[in-house]
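# Report on the structure
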Amino acid sequence: MRKNIILIGFMGVGKGTTARAFAKKYKVYNIDTDDLIESKENREVKRIFEKKGEAYFRELEQQTADWIIDSVQGTLISCGGGFYKVKNLHKMGTVVLLDASFEWILNRLKTAKNAESKLAKRPLFAEEKEAEKLYNEREKAYKKVADVIVNVEGKSLEEIVKEIAKKCKVK
């Protein structure tokens, strides 16, 4: 795999889980933009939002995108929910949207083994109604920037990984 695959989608849709499974199956590196930002800032995303605000976090996302464009190849990259807004997103690689309904995502988060921590680490999910409003605002934008759309509802992780590989021509 020479070209990067960029996973986008709403928070909680399973980008990180999918990325780890894909990386293991296809023996490629996997990086997460939120992890890169947390490492650079030496604090969690939630704390960055609390201390510096969303605008500052979005600047960090752009810096991360610029670094990926210059420095990363052949890697599966999972992104935070708002990362789709960075400039030159397509220069990073093939953009794959993991798509699901808000209800499905909310149910996935609420029924996860570690549901409380999954919800706690997503600061924009603190208020369900606000999160749903944000989902509705982003839904069309995600589809507009995606090169590939994979609906994840009702599919196993293995099926999702195989579909991404097929649509991105990874062997």
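Below is a summary of the structure that appears in this document. Here the structure is a predicted model, which is why all the values come from computation and not from measurement. (Residues numbered from 1 in each chain as written. Predicted model: local features only at pLDDT ≥ 70, side-chain atom pairs only at ≥ 80, totals over all residues. Heavy atoms only, no water.)

## Let's talk about the overall build of the protein
- Assigned secondary structure in the protein consists of nine helices and five strands.
- In the protein, the order of α-helices and β-strands from amino to carboxyl end is β-α-β-α-α-α-β-α-β-α-α-α-β-α.
- Relative to the compact-globule value of 16 Å for 171 residues, the protein shows a C-alpha radius of gyration of 15 Å, a close match.
- Every one of the 171 residues in the protein was classed for burial, and the buried ones make up 49%. (Helix = DSSP H or I, 4+ residues; strand = E, 2+ residues; numbered from the N terminus. Rg over C-alpha atoms; globule rule 2.2 N^0.38 Å. Buried < 20%, exposed > 50% of the residue type's maximum accessible area, 1.4 Å probe, protein only.)

## Description of the side chain of Gln 62
- Among the structural elements, Gln 62 can be located in helix α4 (residues 54-71).
- Assessed through its relative accessible area of 18%, Gln 62 is described here as buried.
- Setting aside anything within four residues of it in sequence, one finds Gln 62 in contact with Val 86 and Lys 87. (Contact = heavy atoms within 4.5 Å.)

## With respect to empty space enclosed by the protein
- Under the counting rule described, the total for this entry stands at one cavity of 30 Å³ or more.
- Quantified by volume, the largest cavity comes out at close to 50 Å³.
- Forming the walls of the largest cavity are Phe 10, Val 13, Leu 97, Leu 98, Asp 99, Ala 100, Ile 105, Tyr 135, Glu 139, Tyr 142 and Lys 143.
- At the level of elements, β4 (94-99) and α8 (128-145) are the ones that each hand at least two residues to the lining of the largest cavity.
- No other element matches the four residues that α8 contributes to the lining of the largest cavity.
- Looking at the lining of the largest cavity residue by residue, the classes come out as eight nonpolar, no polar and three charged. (1 Å grid on protein atoms, 1.4 Å probe; cavity = no way out; pocket = protein on both sides within 12 Å on 5 of 7 lines; lining within 4 Å. Points joined across faces, edges and corners; volume = space filled by probe spheres on them. Nonpolar A, V, L, I, M, F, W, Y, C, P; charged D, E, K, R; others polar.)

## Details of unusual backbone geometry
- A positive phi angle, close to 55°, is found at Lys 27, a residue other than glycine.
- Relative to the elements of secondary structure, Lys 27 occurs in the loop between α1 (15-26) and β2 (29-32).
- The class for Lys 27 is exposed, based on a relative accessible area of 72%.
- Positive phi, normally seen in glycine, also occurs at Asn 42, with a value near 60°.
- Assessed through its relative accessible area of 71%, Asn 42 is described here as exposed.

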